[in-house]
Amino acid sequence: MSITIENIILIGSVLLLISIIAGKTSYRFGVPTLLLFLTIGMLAGSDGIGGIYFDNPKIAQFVGVVSLNFILFSGGLDTNWQSVKPVLKEGIALSTLGVLLTAVGLGYFVYLITDFGLYESLLLGAIVSSTDAAAVFSILRGKNLALKKNLRPTLELESGSNDPMAYVLTIAFLSLVQEPDKSILSVLPLFFMQMVIGGVAGFLFGKFSKIIINRIQLDFEGLYPVLTIALMFITFSATDFVGGNGFLAIYICSVYLGNQNLIHKKTIMRMFDGLAWLMQIALFLTLGLLVFPSQIVPFIGVGLMISLFLIFVARPVAVLISLLPFRMKLRRRFYISWVGLRGAVPIVFATYPLLAGIEKANMMFNIVFFVSLTSVLIQGSTLSLVAKWLHVGLPENVKPLSPTDELLTEHPKAIMKEITIREGCPTVGLKIVNLNFPKKAIIAMIERDGNYLTPNGSTVLEANDRLVVLTDKPEILERVYVSLSLSGANVTEG
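Remember, it's a predicted structure, so these values are computed and weren't measured experimentally. (Residues numbered from 1 in each chain as written. Predicted model: local features only at pLDDT ≥ 70, side-chain atom pairs only at ≥ 80, totals over all residues. Heavy atoms only, no water.)

J.: What exactly am I supposed to notice about the confidence of the model for the chain here?
T.: For any part of a model where pLDDT is low, the fine detail of the predicted coordinates should not be relied upon. Across the chain, the average pLDDT comes to 84, with 87% of residues at 70 or higher. Per-element confidence in the chain is highest for helix α11 (residues 223-241), whose mean pLDDT is 96, and lowest for strand β5 (residues 490-493), whose mean pLDDT is 43. With pLDDT under 50 throughout, residues 486-494 is counted as low confidence; its partners more than four residues away or in other chains account for 23 contacts. (pLDDT = per-residue confidence, 0-100. Helix = DSSP H or I, 4+ residues; strand = E, 2+ residues; numbered from the N terminus. Contact = heavy atoms within 4.5 Å.)

And the structure:
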């Protein structure tokens, strides 16, 4: 069956429904959901029972880039700066030096065991050098895996921030394959330009996006996630237009936004959480359709050798060297190396050589697909087991909540206070979103001129407003008073 305008919606919706239903039970058998999505895509393809012919790397790349925007942005929104800050140096080391060492080490191994040229080998190493954000985010959260100390923030920071490095290396080595006379040093300006511009642009667009979201007054709450999507794509495309790395920019922008007070933040985060899952399914289904399983068979032997070397040698060595300056127990370093999941990102990056038309691009694509498949299968299905072996897991009953869980979970609020805003109080005229109000307290209701209002982030406080504040911990009240600038306020117990 070929994909046409008439049947694309039907095909897509049926595959999506099958993926969701199958994914619901996949973890009972220890099968990562993303592997299931890939398999469904392959079965639906021209070599499978579905017979859908899809051989368009350009469309697959477009779907991949759009999907990665949503996946990285959602992951950034869920990143708590307070938990990431202590492991920031380790995360940066893994996402830069770790990726470079993995690419070079694996590339040299490929050069030794295949007939690939040196630059072609390094290109393949660069394509599979980064851990996949979609795989790490979905598997860690899907398995509800609780890890000791700062392991989870380290893993999520690395996976969310190392795609830009892998992308730059892929583009750099691809240019060297196309122009072998160029010096390898000639790609250094590209690297620094991409990373510096991407980082600065991400931070600036984050501040700009916060201002837009909080100051614009939209009539419908549901438009705020749409506005955020527009700002996300503007961040990516504008950064790419000026020569920066768009993936790095949207990740930094989303981390900044995720740690700020935003109007209708719950709505935005719920929307992006759902969209991230949708994009993961669409991405893996598309990549599954793109591959021809019959073409992978001749490369299973070399693909397995490369995959095992990556999992058991290149990745662990890169992690151990990258983390040498830091104090960390050896078993935690080994676990970080084991969570070096390869997934959709390497397959998306493997479409760049295909579109560039280099000689061995098809062989490279099939090897990369096989490496990603085995990585998700071997590593993704054993994360919980390896965490238990290395004693880095936490019992479920002491698992800390993620930032999204804390924001979206409605905790019972047993303590109620009524706070009156007096004339001349500094908070008069301010929106609630600008109060830096504690996340574990809520303004449930405002009494104003005898009427009762249900407030949201855009509600402006007025003199003589009576705020009904609910919280679950007495110590949070002091932070409430500070945020309201009410050291002398009229406070009565409810």
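J.: Got a minute to help me understand the packing of aromatic side chains in this structure?
T.: Given two aromatic rings, one states the distance between the centres and the angle between the planes to describe the pair. What the rule picks out here adds up to 15 aromatic pairs. Centre to centre, the rings of Phe 312 and Trp 338 are 5.8 Å apart; their planes meet at 55 degrees, and the pair counts as tilted. One end of the pair, Phe 312, is in helix α15 (residues 300-322); the other, Trp 338, is in helix α16 (residues 330-338), with 26 residues separating them in the sequence. Assessed through its relative accessible area of 14%, Trp 338 is described here as buried. Considering the side-chain rings of Phe 349 and Tyr 352, the 6.3 Å spacing of their centres and the 65 degrees angle between planes classify their relative orientation as edge-to-face. Phe 349 sits in the buried class, given a relative accessible area of 1%. (Phe/Tyr/Trp six-rings, centres within 6.5 Å; stacked < 30°, edge-to-face > 60°. Buried < 20%, exposed > 50% of the residue type's maximum accessible area, 1.4 Å probe, protein only.)

J.: Even after reading the chapter, I still don't get the packing of helix α6 (residues 118-127) against helix α19 (residues 361-378), so can you show me in this structure?
T.: For the pair α6 and α19, interaxial distance at closest approach is 11 Å and the crossing angle is 35 degrees. Crossing handedness for the pair α6 and α19: right-handed. Residue-level contacts link Glu 120, Leu 123, Leu 124 and Ile 127 of α6 to Met 364, Ile 367 and Val 368 of α19. Across the contact of α6 with α19, the residue classes break down as six nonpolar, no polar and one charged. (Axes fitted to C-alpha atoms, helices over the stretch in contact; angles between N-to-C directions. Left-handed = near helix turned anticlockwise from the far one by under 90°. Nonpolar A, V, L, I, M, F, W, Y, C, P; charged D, E, K, R; others polar.)

J.: Even after reading the chapter, I still don't get α11, so can you show me in this structure?
T.: Because an α-helix completes one turn every 3.6 residues, residues spaced three or four positions apart along the sequence face the same direction. With 19 residues, α11 should cover 27 Å at 1.5 Å per step; its first-to-last C-alpha distance of 27 Å lies within 8% of that length. The set of residues buried in α11 consists of Tyr 224, Pro 225, Leu 227, Thr 228, Ile 229, Leu 231, Met 232, Thr 235, Phe 236 and Thr 239. (Expected span 1.5 Å × (residues − 1).)

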